[in-house]
Amino acid sequence: MNAINMHDQETYEEFRILGNQVFDLNLMNVYIPSQTLEQGQLDILNILRNIPQFIDTYAYNLHNQSFTEITTLESKQVTTVGIQQISDSIRTHGLGILNTTVNCFYVYLKSKIKLFSDYLRQETIYQTLIREDKWFFEFKGQHDNKYIYERAEKLQKVIKKLGNFDDGKNYLDQFRVLLTQIGNALGLVRLIKSASLNYCSKCIEFLPSQICEEQTFANMALGALSGEATFNAGRWIYYWIRIYAQAFWSRRTFQRFTLVRRFK
């Protein structure tokens, strides 16, 4: 089944490598975008193009860090989005898409929080909450600093009597929708963060955990009887890793020294 998926770059690349190693076939690189079969049709770019629709039609699972499509009983398919799918999307488009993703979700969350704040500032809602706040601080000692259920149920009935919107929802229903949208957006940001960490961990799994002076990439290439091109590539990789490591640790040392001086 993977062979007939024209977007599955990973399978075609495995075919090309196996054909070269087993049958000595010099096959051309198909240059298909690096997508996998698990990635599916729901790409991270598709989510960014229409964030409100995704937030409204998918439910977030906090434990599995996945989104499940909200469907009807007549639907025969359910779409899910997890860490692996988003990680494959990041591999396809690169880490540069994360900056755009954060900006898009920031704008979306900003608009939703502003809308929620506007609802709370309406005179009817504001006066009702002020009255409940005064009651709580006056009688909190009698209820062990807890807002009792009977009072909350009474508040719910009062808010329902304030009226409905054009779509038939009252203020409480609108609050639930807004809080759910904000929670789903934050959950998707958390999912993208986990997927980016998953992608980075896969990228660095072949790098050595420590830089050893004796066992370098160049020496390992010589030990494996590789050619001159492999030896030069290993030498340059080792050279740049040392430069980045020295720059990283020198910056960390400078920051630590600055913090120590500041707090002294």
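Please refer to the structure higher up on the page.
From a predicted model like this one, the values you see are computed outputs, not experimental measurements.

Caption draft 1: Structural detail: the packing of aromatic side chains. All told, the structure shown has nine aromatic pairs when counted by the stated rule. Aromatic pair Tyr60 and Phe67: ring centres 4.9 Å apart, planes at 40°, arrangement tilted. Overall, Phe67 belongs to the buried group, its relative accessible area being 0%. Ring centres of Tyr119 and Phe175 lie 6.2 Å apart, and the angle between their planes is 65°; this geometry places the pair in the edge-to-face category.

Caption draft 2: Main features of helix 7 (residues 149–160). Across its twelve residues, helix 7 extends 17 Å between first and last C-alpha, which sits within 8% of the 16 Å expected from 1.5 Å per residue. Buried residues belonging to helix 7 abut helix 6 (123–139) and helix 8 (171–203).

Caption draft 3: The environment of Cys104, seen in detail. Among the structural elements, Cys104 can be located in helix 5 (residues 97–120). When sequence neighbours within four positions are dropped, the list of residues in contact with Cys104 reads Leu48 and Ile51.

Caption draft 4: Quick look at helix 4 (residues 83–93). Along helix 4, the positions that sit buried rather than exposed are Gln85, Ile86, Ser87, Asp88, Ser89, Ile90 and Thr92. Among the structural elements, helix 2 (44–49), strand 3 (80–81), helix 5 and helix 8 are those in contact with the buried residues of helix 4.

The rules we used
- Residues numbered from 1 in each chain as written.
- Predicted model: local features only at pLDDT ≥ 70, side-chain atom pairs only at ≥ 80, totals over all residues.
- Heavy atoms only, no water.
- Phe/Tyr/Trp six-rings, centres within 6.5 Å; stacked < 30°, edge-to-face > 60°.
- Buried < 20%, exposed > 50% of the residue type's maximum accessible area, 1.4 Å probe, protein only.
- Helix = DSSP H or I, 4+ residues; strand = E, 2+ residues; numbered from the N terminus.
- Expected span 1.5 Å × (residues − 1).
- Contact = heavy atoms within 4.5 Å.

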